[in-house]
Every structure is written in structure tokens, then in C-alpha cells.
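Residue-level listing of the chains:
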Amino acid sequence: MSSNQKTETQATRGAAPILVTGGAGFIGSNFVLDWLASGNGPVVNLDKLTYAGNLANLASVEGNSAHTFVHGDICDGALVARLLAEYRPRAVVHFAAESHVDRSISGPEAFLRTNIDGTFKLLQAARGYYESLAGEERERFRFLHVSTDEVYGTLSPDDPAFHEETPYAPNSPYAASKAASDHLVRAWVHTYGLPAIITNCSNNYGPFQFPEKLIPLMVSNALQGKALPIYGDGRQVRDWLYVIDHCRALQTVLKRGRVGETYNVGGGNQRNNLEVVRTLCALLDELVPESKFRPHQQLVKYVTDRPGHDRRYAIDARKLETELDWHAQESFETGLRKTVEWYLANSAWVEGVTSGAYQQWVAQNYGNRGVEPATVQGTTTKEVLR
Ligand code: NAD
Ligand code: DAU
């Protein structure tokens with residue numbers, strides 16, 4: 001018996017489960033943990049365990065009979081169809097994706113495969129399953145596609161925030177692949193009647209975020225006295241949302257969202273990258289008073305910009321707020337403090353995910369970026385980033 005089959009036999013039968021894809025990643029694992037803790041019913045969790053997927057994120061639900069982990073690929077249509085037929089989920093919540101913009105620039109192919117072809121395979125399997133349903137099972141079934149605000153492109157400083165009618169204008173291979181997946185979902189609703197809903201969310205932060213993304217990368221580097229690499233002038237704006245607020249928005253959309261609709265999700269927390277990093281440094285100065293790298297802001301280094309770097313994202317979430325009564329609970333200040341405290345308390349998790357392959361990524365992504373000025377405590381930034 002394979003390890004997959006072993007974990008699958010742990011499933012409880014009874015209340016209809018949901019099928020989550022990518023539930024070992026950052027947002028997916030937060031969603032699964034929160035869903036189970038809220039007593040919402042069983043979860044079947046399909047994840048390929050790429051570099052971004054980590055079973056350690058799910059350690060607290062190991063042995064929980066309401067959680068069934070399946071190690072597999074969403075591009076495997078036969079596997080997805082089998083899981084749908086066997087577990088008869090009441091919903092599919094689709095997180096699985098390649099998600100890092102810089103990786104999409106250096107290696108776009110995996111993004112096209114998982115984000116476009118994987119979503120296509122999932123939609124086809126879900127369509128076959130939905131067509132086999134009758135009565136209440138058919139009535140309640142939902143396909144929730146978790147997408148990003150990056151499909152809308154970039155904003156100038158005075159532009160209004162992205163709303164659900166903003167035209168698509170993706171700029172990176174990642175954003176283009178997510179935009180393509182959104183279009184597929186839309187087409188499956190209109191052509192085949194699949195009861196799908198799309199959410200487009202802004203930048204998330206919180207526990208279990210892989211330290212290739214801005215916030216966990218900066219925390220991890222600062223704690224080790226490594227350079228804090230700011231792309232370009234650091235004035236790019238993102239609209240930050242604490243991950244549990246995103247997860248609760250998804251629960252709300254699943255319960256009350258209208259089929260065929262798109263809902264934008266965001267925290268109303270626009271900050272430029274320099275502001276974010278300065279706030280992080282101040283928090284670390286306060287929470288790690290014994291650090292020999294204080295003040296941590298001295299570690300900031302400007303490096304070569306990301307090609308095609310989007311200048312500003314901002315989300316208008318009024319549709320979700322007024323129609324479905326969702327509201328973010330965390331401010332950026334409370335959420336960021338919780339996040340930094342989590343990373344400080346979970347250094348073993350960080351060490352676990354930043355082993356061999358991560359070091360190769362750091363060398364590849366940062367090794368060739370120019371650095372000015374050239375030193376951090378007498379070392380070149382290239383050296384401290386090693
Ligand atoms: P992540 O990279 O942390 O996790 C992705 C997960 O998907 C990993 O567990 C990985 O193993 C799994 N996966 C990748 N390819 C797979 C495949 N072919 N089959 C099965 N599993 C596969 O991503 P995240 O940040 O948690 O993002 C989750 C979703 O939310 C993505 O669709 C992303 O586009 C979207 N999103 C993310 C953010 C953000 O700020 N992180 C914001 C808005 C939307
Ligand atoms: O907007 C939602 C998107 O947010 C999600 O769809 C993506 O999956 C998620 O990765 C995120 O994309 P960003 O590109 O905005 O996130 P990232 O953390 O990579 O970068 C945030 C900002 O910080 C961006 O302007 C680039 C900058 N940055 C990032 C890194 C990793 C730096 O200045 N230095 C860095 O080392």
C-alpha cells in the first residue's frame with residue numbers, strides 16, 4: 001500500500017467533504033486548518049508537494065480523521081475524477097498553482113502547465129462529476145477558483161482600485177497564467193453550466209508563507225543578518241491582507257456567493273515595499289532586543305528591479321463587503337505583528353523549508369542582481385545573500 005493510500009483510508013465518511021487543491025501550500029494550509037478548526041466538515045486535500053507544498057504546515061491535523069491527504073497532481077485528470085467519484089465533495093476549492101512571480105520570469109513553463117492545464121483538467125473532471133449529480137447534491141455543488149488581483153495588471157498612483165469590472169491586463173507569466181485560468185472557469189460556467197465562482201485577492205501574509213515572498217524573506221534574512229533586497233526603488237505598492245481574513249472570505253463566498261460571479265478580496269492596506277520592510281525591521285528591533293543586527297534597517301539593500309515589475313495593486317472589495325457582509329478583521333499592524341511573532345516562534349519550520357533547493361533559488365534569483373551600496377557590515381550583499 002502506498003503512503004497515499006494509507007492516508008486516504010483515514011477519511012471519515014458522513015458529512016460531505018470539500019476537495020481542496022494545493023492545501024499544503026501557504027493559503028491552502030491556512031484554509032484547511034481554519035476550516036477544520038471551525039467544524040465545517042471533512043477535507044480531502046490534493047497536493048503535489050512541490051517546493052512550495054509542505055506537510056509540516058498540516059502537522060497539527062495529523063491523525064485527524066476529518067483530513068484526508070492525497071499526494072497527487074491536478075494535471076492528472078483520472079486521479080481527480082476518481083477522487084470526486086469516491087468522496088463526492090460538496091465543493092472544490094482550487095488553490096493549487098505555481099504562485100511566485102520571480103519564478104514565473106525565470107521558468108514560465110511550470111506556470112502554464114499547472115495554472116492553465118491543471119485548471120483545465122480540474123474543470124473537466126468537476127464538470128463530469130457535476131453532471132452525474134442529482135437533487136440536493138447537484139444544487140449545492142460549487143467550484144471555487146482562488147485567483148489573484150495580478151490579472152488586472154498595474155495601477156498608477158491616482159487610479160481607482162481594481163473592481164470586478166476592471167479589464168484584464170496581466171503583465172507577468174504568472175499573472176497571464178492565472179488570467180487564463182480565470183477565463184477557463186468563466187467559460188465552463190457559461191458553456192457547461194458549472195456552478196463556479198472566482199475570487200481575486202490581493203497580497204496575503206501570515207503563518208506558513210514560503211520565505212521566497214517579500215515578508216517571510218525579509219524576516220528570515222534579517223534574523224540572520226543577511227541583506228534585505230529591495231527591488232528597484234522600493235516604491236511599488238501592494239494591498240496587504242492577513243491570510244485568515246482571506247480564508248474567511250473564501251468560506252463566505254462558498255456559503256453565500258452567487259454562481260458565475262467574481263468577488264474581489266482585499267484588506268484596504270496599501271503600503272509600498274519600503275514601508276513594509278521598515279515596519280518589519282522596527283518590529284524585529286522590538287521583539288528581538290538581543291539581536292546583534294539591530295537596527296535591522298541597516299540591512300536594507302537596493303538590488304536590480306524585477307523585469308516588468310507592476311507598480312501598484314489595490315483592491316476595491318465593496319462587492320464582497322456589501323453583498324456578502326465580509327469584513328477583514330486584522331489591520332496591517334495587528335496582522336504583521338502576529339506574523340512576525342509566528343516566524344520567531346517557528347524557526348524550525350523556517351529551517352525545514354529553506355534547505356538545499358531553496359538555497360539554489362536564492363543564488364539564482366539574487367546572485368545576478370546588482371547591489372548598491374556594496375557592503376553590509378563589511379561583506380558584499382552577494383556574499384551575505386548566499
Ligand atoms: P503556494 O505556492 O504557497 O502553494 C501552492 C500549493 O499548490 C503548494 O502546496 C503546491 O505543492 C501545490 N501545487 C502546485 N502545483 C500543483 C499541482 N500541479 N497539483 C497539485 N498541487 C500543486 O501558493 P499560495 O500563496 O498559497 O497561493 C494559493 C493560491 O492563491 C494560488 O492559486 C495563488 O495564485 C492564489 N493567490 C495567492 C496570493 C498570495 O498572496 N499568496 C494572493 C491571491 C491569490
Ligand atoms: O497580488 C497577489 C499576488 O501577491 C499573488 O497572486 C502572488 O501569488 C504572490 O506571490 C504576490 O505577488 P507579489 O509579486 O506582489 O509578491 P512578492 O512577495 O513576490 O513581492 C511583493 C513585492 O515586494 C513586489 O513589489 C516585489 C517586492 N520584492 C519581493 C522580493 C521577493 C522585493 O522588493 N524584494 C524581494 O526580495
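Structural notes, computed from the coordinates.

Calculation notes
- Residues numbered from 1 in each chain as written.
- Chains lettered and ligands numbered in written order.
- Predicted model: local features only at pLDDT ≥ 70, side-chain atom pairs only at ≥ 80, totals over all residues.
- Heavy atoms only, no water.
- Phe/Tyr/Trp six-rings, centres within 6.5 Å; stacked < 30°, edge-to-face > 60°.
- Helix = DSSP H or I, 4+ residues; strand = E, 2+ residues; numbered from the N terminus.
- Buried < 20%, exposed > 50% of the residue type's maximum accessible area, 1.4 Å probe, protein only.
- Near = heavy atom within 4 Å.
- Polar contact = N/O pair within 3.5 Å; in protein donor to acceptor, adjacent residues only side chain to side chain.
- Nonpolar A, V, L, I, M, F, W, Y, C, P; charged D, E, K, R; others polar.
- Arc of directions from axis to C-beta.
- Pairing = 2+ DSSP bridges.
- Axes fitted to C-alpha atoms, helices over the stretch in contact; angles between N-to-C directions.
- Contact = heavy atoms within 4.5 Å.

### Structural notes on the packing of aromatic side chains
Here is step 1: Under the definition given, this model contains 22 aromatic pairs.
Here is step 2: Arranged with centres 5.6 Å apart and planes meeting at 80°, the rings of F210 and Y358 form a pair that is edge-to-face. Here F210, found in the loop between β7 (204-205) and α8 (214-223), pairs with Y358, found in helix α14 (residues 356-367); they are 148 residues apart in sequence, far enough to count as distant. For the pair F210 and Y358, one class covers both residues: buried.
Here is step 3: Taking the centre distance of 5.4 Å and the plane angle of 70° together, the rings of W342 and W349 count as edge-to-face.
Here is step 4: What makes W342 buried here is its relative accessible area of 14%.

### Examining the site of ligand 2
Here is step 1: Within the structure, ligand 2 sits among 24 residues, and T148, D149, Y174, R306 and Y366 are positioned closest to it.
Here is step 2: Interatomic distance of 2.9 Å between a side-chain N/O atom of N273 and an oxygen atom of ligand 2.
Here is step 3: Within the residue set of the shell around ligand 2, elements represented by two or more residues are α8 and β8 (228-231).
Here is step 4: At three residues, the largest contribution of residues to the shell around ligand 2 is made by β8.
Here is step 5: Here the residues of the shell around ligand 2 sort into 10 nonpolar, eight polar and six charged.

### Comments concerning the site of ligand 1
Here is step 1: Lining the immediate surroundings of ligand 1 are 28 residues, of which I27, D47, S99, Y174 and K178 lie closest.
Here is step 2: Within the side chain of D47, one N or O atom sits 2.6 Å away from an oxygen atom of ligand 1.
Here is step 3: Between ligand 1 and L49 there is a distance of 3.4 Å, counted from an oxygen atom to a backbone nitrogen or oxygen.
Here is step 4: Among the elements of the structure, α2 (26-37), β5 (142-148) and α7 (173-192) are those that each provide at least two residues to the shell around ligand 1.
Here is step 5: Looking at which element gives the most residues to the shell around ligand 1, the answer is β5, with three residues.
Here is step 6: By residue class, the composition of the shell around ligand 1 is 12 nonpolar, 12 polar and four charged.

### What to know about helix α3 (residues 77-87)
Here is step 1: All buried positions along α3 are accounted for by L79, V80, L83, L84 and Y87. Projected down its long axis, α3 shows its buried positions confined to an angular sector of 135°, all on one face. Structural note: α3 exposes A78 and A85 on the side pointing more than 90 degrees away from its buried face.
Here is step 2: Looking one or two residues past α3, R88 carries a phi angle of roughly 45°, positive in sign.

### Side note on unusual backbone geometry
Here is step 1: At the junction of R294 and P295, the peptide bond is cis and its omega measures out at -15° in the coordinates.
Here is step 2: One non-glycine residue with positive phi stands out, namely L49, at about 55°.
Here is step 3: Structurally, L49 can be placed in the loop between β2 (43-47) and β3 (67-71).
Here is step 4: Even without a glycine there, the phi angle at D325 is positive, about 60°.
Here is step 5: Along the chain, the position of D325 falls in the loop between α11 (318-324) and α12 (332-345).

### A closer look at the sheet that holds strand β6 (residues 196-201)
Here is step 1: Strand order across the open sheet formed by seven strands is β3-β2-β1-β4-β5-β6-β11, with parallel pairing between neighbours. Of all the strands in the sheet, the pair left with one neighbour each is β3 and β11 (262-265). The average angle at which neighbouring strand axes cross in this sheet is 20°, direction not considered.
Here is step 2: Each of β1 (18-21), β4 (91-94) and β5 touches helix α5 (residues 109-132); the most contacted strand, β5, lies at about 165° to it.

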